[in-house]
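Coordinate analysis (summary)
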Amino acid sequence: EQGLKDRRFINEAATRYGLAPALTRSKDFRRANREVAKPHRLLPRSAAVTALRGQLLVASGDYPGAIEHYKAQALVHPDYRALVYDHANVLILSGEPDAAVKLVEARLRDYPDDSRLYLLQSRAYAAQGKRLLQHKAQAEAYARQGQIGAAVEQLQIAARSGDGDFYQLSSVEARLRELRAQLKAIEKERRQQ
């Protein structure tokens, strides 16, 4: 704040961009909104500033406003994943897990190795009460992070969840066999070193 007041900064937009989250954390949403608006005017096409504006809406509890913001910005910045993550998150927070699942599944077709999308999918399924799918998505996140043992554990939980249909359970069991084989190969390689 002092740097802005004294006009001592290298980049005004960057300095204001840094101040806005600090104001948000201190729950000064009115000032944070003013600070976000200034870099937005200076950098109107910046996806990062757009994401920050959405995060401010979520932090202030304006979920409907945040959802509309993310929908509009998806058209402007369709490949900026931070906006997708934040959009799915606010859908879950606002009690719209079906919409979150739909959004995440569409993005997983483009980015099938994105562990963060699988984590969001897991949270959305949890909000729907779909335990098998929740743990399966959590397993996929772990597998993409290289945590094969944790992925196997999640698939075991999914298989014992008691919900899901025949096809979902079959998919879990097939993936479990695949990851167990992968885990066995990793352990064998470790013993040989």
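Preceding this section is the structure that the text describes.
Described in the following lines is the structure provided in the data block. Nothing here was measured: the structure is a model prediction, and the numbers come from that model.

1. A short note on the overall build of the chain
The helix and strand inventory of the chain stands at 11 helices and zero strands. Listing every helix and strand of the chain by position from the N terminus yields α-α-α-α-α-α-α-α-α-α-α. Relative to the compact-globule value of 16 Å for 193 residues, the chain shows a C-alpha radius of gyration of 21 Å, a clear excess of over 25%. Counting across all 193 residues of the chain, residues that qualify as buried make up 38%. Contacts in the chain between residues far apart in sequence, at least 24 positions, make up 48% of those at least 6 positions apart. Of the accessible surface of the chain, which amounts to about 11,100 Å², a share of 49% is contributed by carbon and sulfur atoms. Taking the average location of the 32 positive side-chain charges in the chain and that of its 23 negative ones, the two points are 4 Å from each other.

2. Considerations on the packing of helix 4 (residues 47-59) against helix 6 (residues 81-93)
One can describe the packing of helix 4 onto helix 6 by two numbers: an axis separation of 10 Å at closest approach and a directional angle of 15°. Regarding the angle of helix 4 to helix 6, the classification is roughly parallel. Crossing angle aside, the handedness with which helix 4 passes helix 6 is left-handed. In contact with Thr50, Ala51, Gln55 and Val58 of helix 4, helix 6 contributes Leu83, Asp86, Val90 and Leu93. Looking at side-chain class alone, the contact of helix 4 with helix 6 contains five nonpolar, two polar and one charged residues.

Parameters at a glance
- Residues numbered from 1 in each chain as written.
- Predicted model: local features only at pLDDT ≥ 70, side-chain atom pairs only at ≥ 80, totals over all residues.
- Heavy atoms only, no water.
- Helix = DSSP H or I, 4+ residues; strand = E, 2+ residues; numbered from the N terminus.
- Rg over C-alpha atoms; globule rule 2.2 N^0.38 Å.
- Buried < 20%, exposed > 50% of the residue type's maximum accessible area, 1.4 Å probe, protein only.
- Contact = heavy atoms within 4.5 Å.
- Areas by Shrake-Rupley, 256 points an atom, 1.4 Å probe, with all protein chains shown as cover.
- Lys, Arg positive; Asp, Glu negative; His and termini not counted.
- Charge placed at Lys NZ, Arg CZ, Asp CG, Glu CD.
- Axes fitted to C-alpha atoms, helices over the stretch in contact; angles between N-to-C directions.
- Parallel < 35°, antiparallel > 145°, perpendicular 65-115°, else oblique.
- Left-handed = near helix turned anticlockwise from the far one by under 90°.
- Nonpolar A, V, L, I, M, F, W, Y, C, P; charged D, E, K, R; others polar.

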